[in-house]
Amino acid sequence: MTGKLRNIALIGFMGVGKSSVGRMAAAALGYDFVDTDELIEQRAGAKVPEIFQHQGEPAFREMERAILRELAGWSRKVVATGGGLAAQPGNLDELKRHALVVCLWAAPETVWERVRHQTHRPLLNVPDPVARIRELLAEREPFYKQADLLLTTDQRSSKQLAQLVVAEYRRLQGGHASS
Ligand code: S3P
């Protein structure tokens, strides 16, 4: 199997459902599920907001890059990435080398509806989170839109999204059956 079609990576903004879709897709394929935020928290022995507060965002981004360096040796994994991972220089190319990269997309208003009652995202703990969502989404859009597959999440359940991801992955694998 070619390098890309050994893993699936889900990218996209906070609150679009990468972890729930990723878990379902992994279960359907019999793959392991990896959530980069969870892995970082396990390794650091601290929650993401604490890492941002005590060590700073650059340290967190370096922890993300450390996970990406391991991706080359992985197979049969579905990886849900933190919302900023794919928008850091070089990271998207690295992801695309070793995984089918699927972006889950949502409008800023939808993102806000989904994250407004949550407090674990340090980048949105600001006086005007909606403006921040628009700003960050605009900055990241050029990266997100370079995914191999772009799926809008509005009007689709996590289950439907997971089924679409798995179907596309299997279809592409079918085309590379002998590689
Ligand atoms: C971030 C998204 C978060 C987490 C951190 C930074 C971002 O992950 O990695 O708070 O920069 O968008 P989720 O997308 O899982 O919320």
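Before reading further, recall that the structure is shown in the block above.
Counting from 1, residues in each chain are numbered in the order their sequence is written. Only residues with pLDDT of 70 or above have their local features reported here, since the model is predicted, and side-chain atom pairs are shown and tallied only from 80 upward, although totals for entire chains, interfaces and linings are computed over all residues. Each side-chain value is derived from all of the structure's non-hydrogen atoms; neither hydrogens nor water enter the calculation.

> How should the sheet that holds strand E1 (residues 7-12) be read in this particular structure?
Think of a sheet as strands paired side by side through backbone hydrogen bonds, with each pair either parallel or antiparallel. Two strands make a pair as long as DSSP finds a minimum of two bridges between them. Helix and strand assignments follow DSSP, with helices taken as H or I runs no shorter than four residues and strands as E runs no shorter than two, numbered in order from the N terminus. The strand order E2-E3-E1-E4-E5 describes an open sheet built from five strands, whose pairing is parallel. The sheet is open, and its two borders are formed by strand E2 (32-35) and strand E5 (149-152), each paired with just one other strand. Here the strands of the sheet are splayed against their neighbours by 20° on average, with no regard to which way each runs. Taken together, the four bridges between E1 and strand E3 (residues 77-80) define a ladder with parallel strand orientation. Paired with Asn7 across the two strands is Lys77, which belongs to E3. Running over the sheet, helix H5 (residues 91-98) touches E1 and strand E4 (100-105) and is turned about 150° from E1. An axis is simply a line fitted to the C-alpha atoms; with a helix, the fit covers only the stretch in contact. Between two such axes, the angle follows the N-to-C directions and lies from 0 to 180 degrees. Here a residue-residue contact requires only that any non-hydrogen atoms of the pair lie within 4.5 Å.

> What is the right way to read the packing of aromatic side chains from this model?
For any two aromatic rings, the description comes down to two numbers: the centre-to-centre distance and the angle of the planes. Two rings belonging to Phe, Tyr or Trp (six-membered ring only in the last case) form a pair when the distance between their centres is within 6.5 Å. Interplanar angles under 30 degrees mark stacking, angles over 60 mark edge-to-face geometry, and anything in between is tilted. In this structure the tally under the stated criterion is three aromatic pairs. In this structure, Lys77 packs its charged tip against the face of Trp74, placed 5.6 Å from the ring centre. Sitting over a ring, as applied to charges here, requires NZ of Lys or CZ of Arg to be within 6 Å of the ring centre and within 35 degrees of the ring normal. Against the face of Trp105 rests Lys145, its NZ or CZ located 4.4 Å from the ring centre.

> Would you take a moment to explain the site of the ligand for this structure?
Neighbouring the ligand are 14 residues; Lys18, Asp37, Arg61, Arg121 and Arg140 lie closest to it. Gly83 places a polar main-chain atom, nitrogen or oxygen, 2.8 Å from an oxygen atom of the ligand. Within 3.5 Å is the distance limit for a polar contact, defined as a pair of N or O atoms, with the added protein rule that one can donate a hydrogen and the other accept it, and that residues adjacent in sequence qualify only through two side-chain atoms. Between the ligand and Arg121 there is a distance of 2.6 Å, counted from an oxygen atom to a side-chain nitrogen or oxygen. Under the convention used here, a 1.4 Å probe and the Shrake-Rupley method define accessible areas, while residue burial counts only the protein chains that appear. Compared with its free state, where it exposes 390 Å², the ligand has 94% of that area covered by protein. In this structure, the ligand is accommodated by the largest pocket. Secondary structure elements with two or more residues in the shell around the ligand: helix H3 (48-54) and helix H4 (57-71). The classification used treats Ala, Val, Leu, Ile, Met, Phe, Trp, Tyr, Cys and Pro as nonpolar, Asp, Glu, Lys and Arg as charged, and all other residues, Gly among them, as polar. A breakdown of the residues in the shell around the ligand according to their chemical character gives six nonpolar, three polar and five charged. For this purpose, a residue is taken to be near a molecule or strand whenever a single non-hydrogen atom of the residue falls within 4 Å of it. Here a cavity is any set of points on a 1 Å grid over the protein atoms alone where a 1.4 Å probe fits but cannot get out, and a pocket is any open set with protein on both sides within 12 Å along at least 5 of 7 lines; a residue lines the site when it has an atom within 4 Å of a point. Think of it this way: if more than half of a molecule's atoms are within 2 Å of a pocket's grid points, that molecule is in the pocket or cavity.

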